Amino acid sequence: MFDTPNHFHVSSVLNRRSIAQHGLDWARMSAARGIAGSHRPEVEGIFVFRDEEEAEFFFRINNTGGPVDLWSADGVDEELLLDNGNGFVYLPERIPATRVRLVRSDVPPQRGF
């Protein structure tokens, strides 16, 4: 599915305009809940992942209340990634709009986990 070694991020479609304009920025989280259902950022950073299996996982746990988008993020320095204590990693900095692109849009909520 993915032809590049970039990192990826899943977000509600309600955040699409903000991400396209400002990039990935946890401080701008307000239009929709996080993928895990949180109403505010769980960490000061951007959760990212590298492969298709993880994208499918995030599509399945989608608790945003609606469809989601898959974003590609260029230039993520893996040495800066931190573990949130649950096995997921995040980048403790914003990712500007110039380094993100929409890969897949309007992925409907998935059933079954």
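Please read all numbers here as calculations on a predicted model, not as lab measurements.

### With respect to helix α2 (residues 52-60)
Within the sequence span of α2, burial applies to Ala-55, Phe-58 and Phe-59. Summarising the axial view, the buried residues of α2 lie within an arc of 105°, below the 170-degree limit, and thus occupy one face. On the buried face of α2, the contacting elements are β1 (7-12), β3 (68-73) and β6 (100-107).

### Describing the sheet that holds strand β5 (residues 89-91)
One key point about sheets: their strands pair by backbone hydrogen bonds, in either a parallel or an antiparallel sense. Spatially, β2-β5-β4 is the arrangement adopted by the 3 strands of the open sheet, whose pairing is antiparallel. The strands lining the two open edges of the sheet, one partner per strand, are β2 (46-48) and β4 (82-83). Taken together, the 3 bridges between β2 and β5 define a ladder with antiparallel strand orientation. Bridging across to β5, Ile-46 finds its partner in Leu-91.

### Let's talk about the layout of surface pockets
With a probe scaled to a water molecule rolled over the atoms, the places where space remains empty come into view. A volume near 620 Å³ is recorded for the largest pocket. Lining the largest pocket are 34 residues, with His-9, Met-29, Gly-34, Ile-35 and Phe-47 sitting closest to its centre. Counting residues per element, the ones that place at least two in the lining of the largest pocket are β1, α1 (16-22) and β2. Across the lining of the largest pocket, the residue classes tally to 18 nonpolar, 11 polar and 5 charged.

### Let's talk about the environment of Glu-93
Along the chain, the position of Glu-93 falls in the loop between β5 and β6. Through-space distance from the C-alpha of Glu-93 to that of Arg-33 is 20 Å; in sequence the pair is 60 residues apart.

### Some remarks on the nonpolar core
Formed by Ile-19, Leu-24, Trp-26, Ile-46, Val-48, Trp-71, Ala-73, Val-76, Leu-81, Leu-91, Ile-95 and Val-100, the largest nonpolar core amounts to 12 residues. Put simply, the parts of the chain that give this core at least two residues each are β2 and β3. Those residues in contact with Leu-24 that sit more than four places away from it in its chain are His-9, Ile-19, Ile-46, Arg-94, Ile-95 and Val-100. Counting residues in hydrophobic clusters, the runner-up holds 11 residues, among them Phe-8, Val-10, Ala-55 and Val-68.

Quick notes on the rules
- Residues numbered from 1 in each chain as written.
- Predicted model: local features only at pLDDT ≥ 70, side-chain atom pairs only at ≥ 80, totals over all residues.
- Heavy atoms only, no water.
- Buried < 20%, exposed > 50% of the residue type's maximum accessible area, 1.4 Å probe, protein only.
- Helix = DSSP H or I, 4+ residues; strand = E, 2+ residues; numbered from the N terminus.
- Arc of directions from axis to C-beta.
- Contact = heavy atoms within 4.5 Å.
- Pairing = 2+ DSSP bridges.
- 1 Å grid on protein atoms, 1.4 Å probe; cavity = no way out; pocket = protein on both sides within 12 Å on 5 of 7 lines; lining within 4 Å.
- Points joined across faces, edges and corners; volume = space filled by probe spheres on them.
- Nonpolar A, V, L, I, M, F, W, Y, C, P; charged D, E, K, R; others polar.
- Core = buried A, V, L, I, M, F, W, Y, C linked by side-chain atoms within 4.5 Å.

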